[in-house]
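Overview (structure and organization)
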Amino acid sequence: MLVLLGILVVVAGFALRLNPMLVVTVAGLVTGFLGGMSPVEVLDAFGTGFAGSRSVSIFLLVLPVIGLVERNGLQEQARRLVSRMSRLTTGGILAGYFVLRQVTAAIGLMSIGGHAQTVRPLVAPMAEAAAVRRFGTLPDAVSQRIRAFAASTDNVGAFFGEDIFVAVGAVLLITSFVDTTYGYTLEPLQVALWAIPTAVVALLIHGARSLHTDRALTKAIAEFQPTEVAR
Amino acid sequence: MIQVEWFYWLTGLFFVAVGVLVARDRTNPRRTSSGAFWALVGLCFPYSSFVVTGTAPAWVLGLGLVVIAAIAGTGRLARSGSAVAAGAAGDVDGLEADRGGEGAARAAAPLRAAGTAVLASREALAARFGNRLFVPVLIIPVVTALCATVGKDISVGGQPLLQSGNETVIGLAAAGIVAIPVGMWLFRQRTPALALTEGRRLTEDLGWALVLPQLLSVLGLVFATAGVGDAIGSTVSAVLPDGALLPAVVLYCVGMAVFTVIMGNAFAAFPVLTAAIGYPVLVQAMGGNPPAVFAIGMLSGYCGTLCTPMAANFNVVPVALLELKSNYAVIRAQIPTAVPLLVANVVLMYVLAF
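These numbers were taken from a predicted model, which means no experiment stands behind them.

**Describing the overall build of chain B**
Scanning chain B from terminus to terminus reveals 18 helices and two strands. For chain B, restricting intrachain contacts to residue pairs at least 6 apart in sequence, the fraction spanning at least 24 positions comes to 70%. When the accessible surface of chain B is totalled, it reaches about 13,600 Å², and 67% of it is carbon and sulfur.

So this is what it looks like as structure tokens:
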């Protein structure tokens, strides 16, 4: 039971807004020691964990080319493109990307999207540009909100699309864990099939929220310009 | 045969290069400790190869990681002032564009794209290159997807071309590398130094958020080794009322979400909650349909992933990438989706699995 104190460290650390690097390291050390691990064992776990999860950092190799293209005007071009297509609204762009992300993830093309590869260089600037065309210069809080929502479409689309694809990590984890622990022979296809209802609900909820963005923006902008509205 | 380790070494080399550039950069208020941070992170990558093969002790890497976390956690990691840095670091082609009118332009530029280039010149570049600008960006998903799908089946001399099981990671890394010469050719850039400078700028912008996802999987491993999962599992099954289907379904789904919030990873929560409730109660005692129970249980965990800073690569890295002011901006945008979706999962499991 004592090992649960590590969780308390995490919760308290984030609540106090301490640096996450510090919080996580201290929580790891505390949990390890309370769990009866020796200092070397704790450090061994740290090292093994890092070595086994290097793939999450590989997107870094994409940053140089993104930076190169941004320097040559990528975001400006994304804006120009949007301003030429006058029927594209912020909500439309976000909903479109969301559906594209979910559908491509569902057929196994997870790597087509991503925060570094698509959201920063393309989706966020386009969504902002569509809002600028409609409302003029945006208050900072509003553009922050658009960007954060753009990031959320990528996450929701990827999470609730990928499990429909049979060869994805989550499905394989479920089948291998259940098969080895309980002696089943689950077909990945069966598991993937039961991911479809949730995927549809996610599509409805987040898709509706994406489309609703336009109305939410109108309201938010109105709040920021009370004096001009009064005139 | 192309090994994934090559790309990890390259990533490490890139981090070390960033560390050297930062350490030499006088615009960085803490250049020694910041340079050491990036260089140490870089060295961890090749060293990990030996840890994976078991030829080097893992605790050395663990110790390095604690040092890295200490540097960042005590505020000794600082960002370099980029204007001078870009020029000094060999950014020749774009240098003229960097001079003058910077402050005003930066204020108007929504995302700090190409940090030092003025907005007007980037507008001009955008007009000149037009939609060609999208080519390098689109190369990335196309090459990655090709490697992940077709690449699997290509073999040279009986050996698979790409190390099996790592096709997507290799694809993404290779795509980032292939796109650089294409971009340089399209934009008549002669020096690859510019790509390095730009990569360094984005890396410094991301800061410790780049290392956090890996540190969190470390925490997950420590939690698992120290028995946190079992402690939670026994607590959860102790509070469960006997023989009631709906409370059991709610506890499994909500438990998956809550435990995922704590661990930052639904994959870590799944075995624990499934051993505590999912299998013994929902499948064995109540006769639930196994694939439906397990699939919807896992997806309930994903609702938790949307709500936690512990899922750093999804919820914290984009904060840095999109230059958001609040660490919780992305999570705040996701909660209104996550909560109703969790409720929907409970309903779906209750209706479909029994």
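Having seen the structure, we can now continue with the description.
**Let's talk about the interface of chain B and chain A**
Interface size, as often reported, equals the accessible area lost upon joining of the parts. The partner chain A presents 104 residues to the 139 residues of chain B that form the contact. Our enumeration of links across chain B and chain A arrives at six salt bridges. Salt-bridge contacts for K325 of chain B lead to D140 of chain A; the nearest nitrogen and oxygen are separated by 2.0 Å. Counting across the chain B and chain A interface gives 29 residue pairs in polar contact (both at pLDDT 80 or more).

**Details of the UniProt feature "transmembrane region" (unreviewed entry) in chain A**
Residue and element names in this part refer to chain A. The sites that UniProt annotates as "transmembrane region" (unreviewed entry) are residues 52-69, 90-112, 164-184 and 191-208. Along residues 52-69 the backbone is 44% helical and 0% strand, and the end-to-end C-alpha distance reaches 32 Å. Counting secondary structure, residues 90-112 comes out at 74% helix and 0% strand; the distance between its end C-alpha atoms is 21 Å.

**Examining unusual backbone geometry**
Even without being a glycine, R17 of chain A presents a positive backbone phi close to 60 degrees. Within the secondary structure, R17 of chain A is located in the loop between α1 (5-15) and α2 (20-34). Positive phi outside glycine occurs at E323 of chain B, with the angle close to 55 degrees. The residue E323 of chain B is located in the loop between α17 (317-321) and α18 (329-352) in this model.

**Concerning the packing of α2 of chain A against helix α11 (residues 212-226) of chain B**
Close contact between α2 of chain A and α11 of chain B brings their axes to 9 Å; oriented N to C, the two are set at 15 degrees. One finds that α2 of chain A runs roughly parallel with respect to α11 of chain B. Regarding α2 of chain A and α11 of chain B, the two cross each other, and that crossing is left-handed. Two secondary-structure elements touch here, α2 of chain A through P20, M21, V24, T25, A27, G28, T31 and G32 of chain A and α11 of chain B through L212, L215, L216, L219, V222, F223 and A226 of chain B.

**Quick look at the side chain of S49 of chain B**
Mapped onto the elements, S49 of chain B comes out in helix α2 (residues 31-53). The class of S49 of chain B is buried, set by a relative accessible area of 9%.

**Digging into the packing of aromatic side chains**
Considering all chains together, one arrives at 15 aromatic pairs over all chains under this definition. Judged by centre distance (6.2 Å) and plane angle (85 degrees), the rings of Y184 of chain A and Y279 of chain B are edge-to-face. In this pair, Y184 of chain A sits in the loop between α9 (169-182) and α10 (188-193) while Y279 of chain B sits in helix α14 (residues 266-285), so the two residues belong to two different chains. Owing to a relative accessible area of 14%, Y279 of chain B belongs among the buried residues under this scheme. Centroid distance F15 of chain B to W38 of chain B: 5.8 Å. Interplanar angle 5 degrees. Geometry classified as stacked.

**A closer look at the nonpolar core**
Formed by 157 residues in total, the largest nonpolar core has its most connected members in F160 of chain A together with F37, Y252 and F294 of chain B. With 11 residues, α14 of chain B is the largest single contributor of residues to this core. For F37 of chain B, the residues in contact, after removing those within four places along its chain, are M21 of chain A together with I68, I71, A72, L77, W208 and V211 of chain B. One finds A150 of chain A together with L324, A329 and V330 of chain B within the second-largest nonpolar core, a separate group that totals 24 residues.

**Focus: the confidence of the model for chain B**
Residue and element names in this part refer to chain B. Of all residues in chain B, 89% have pLDDT values of 70 or greater, and the mean over the chain is 84. Here residues 83-110 is modelled with pLDDT under 50, and outside its nearest four sequence neighbours on either side it reaches 41 contacts, counting other chains as well. The ipTM for the predicted assembly is 0.88, set against a pTM of 0.84.

**A short note on the environment of A222 of chain A**
All names here are of chain A. Assignment of secondary structure puts A222 in helix α11 (residues 196-224). Judged by relative accessible area, which is 39%, A222 ranks as partly exposed. Spatially, the C-alpha atoms of A222 and F135 are 9.8 Å apart, while their sequence positions differ by 87 residues.

**Considering α14 of chain B**
Residue and element names in this part refer to chain B. Between its first and last C-alpha atoms α14 spans 24 Å; for 20 residues at 1.5 Å apiece the expected length is 28 Å, and the helix comes up short by more than 12%. Largest kink in α14: about 60 degrees, centred on T274. One side-chain oxygen of the residue at the start of α14 lies 2.9 Å from the amide nitrogen of F267, identifying that residue as N265. G287 occupies a position one or two residues after α14 and carries a positive phi of about 70 degrees.

**Regarding the pattern of salt bridges**
Under the defined criterion, the tally for this structure stands at 15 salt bridges over all chains. For E198 of chain B, the salt bridge goes to R71 of chain A, with nearest N and O atoms at 3.2 Å. With one member in each of two chains, E198 of chain B in helix α10 (residues 193-206) and R71 of chain A in helix α4 (residues 63-71) form a pair that bridges those chains. Residues E198 of chain B and R201 of chain B are paired through a salt bridge, measuring 2.7 Å at the closest nitrogen-oxygen approach. Taken together, the residues E198 of chain B and R201 of chain B, both in helix α10 and three residues apart, mark about one turn of the helix. Each member of the salt-bridge network shares a partner with another, and the members are E70, R71 and R120 of chain A together with R79, E198, R201, D205 and E323 of chain B.

**Side note on the domain arrangement of chain A**
Partitioning chain A into structural domains gives domain 1 (2-52) and domain 2 (56-225). The centre of domain 1 of chain A, based on its C-alpha atoms, is set 32 Å off from the matching centre of domain 2 of chain A.

**Points about the side chain of S34 of chain B**
Residue and element names in this part refer to chain B. Tracing the chain through its elements places S34 in helix α2. At a separation of 3.5 Å, a polar atom in the side chain of S34 contacts the main-chain carbonyl oxygen of R76. Those residues in contact with S34 that sit more than four places away from it in its chain are V22, N28, R76, L77 and A78.

**Thoughts on helix α7 (residues 115-135) of chain A**
Residues and elements named next belong to chain A. For α7, built from 21 residues, the straight-helix expectation of 30 Å at 1.5 Å per residue is missed by more than 12%, its first-to-last C-alpha distance being only 26 Å. V123 marks the point of greatest bend in α7, at about 35 degrees, and the proline P125 comes within the next four residues. When you tally the buried positions in α7, you get 18 out of 21 residues, the bulk of the element. Immediately downstream of α7, the backbone of G136 shows phi near 80 degrees, a positive value.

Cut-offs and rules
- Residues numbered from 1 in each chain as written.
- Chains lettered and ligands numbered in written order.
- Predicted model: local features only at pLDDT ≥ 70, side-chain atom pairs only at ≥ 80, totals over all residues.
- Heavy atoms only, no water.
- Helix = DSSP H or I, 4+ residues; strand = E, 2+ residues; numbered from the N terminus.
- Contact = heavy atoms within 4.5 Å.
- Areas by Shrake-Rupley, 256 points an atom, 1.4 Å probe, with all protein chains shown as cover.
- Salt bridge = Lys/Arg side-chain N within 4 Å of Asp/Glu carboxyl O.
- Polar contact = N/O pair within 3.5 Å; in protein donor to acceptor, adjacent residues only side chain to side chain.
- UniProt positions renumbered as here; feature names shortened; annotations may be inferred.
- Axes fitted to C-alpha atoms, helices over the stretch in contact; angles between N-to-C directions.
- Parallel < 35°, antiparallel > 145°, perpendicular 65-115°, else oblique.
- Left-handed = near helix turned anticlockwise from the far one by under 90°.
- Buried < 20%, exposed > 50% of the residue type's maximum accessible area, 1.4 Å probe, protein only.
- Phe/Tyr/Trp six-rings, centres within 6.5 Å; stacked < 30°, edge-to-face > 60°.
- Core = buried A, V, L, I, M, F, W, Y, C linked by side-chain atoms within 4.5 Å.
- pLDDT = per-residue confidence, 0-100.
- Expected span 1.5 Å × (residues − 1).
- Bend = angle between axes of the 7 residues up to and from the residue.
- Domains from an automatic or database assignment.

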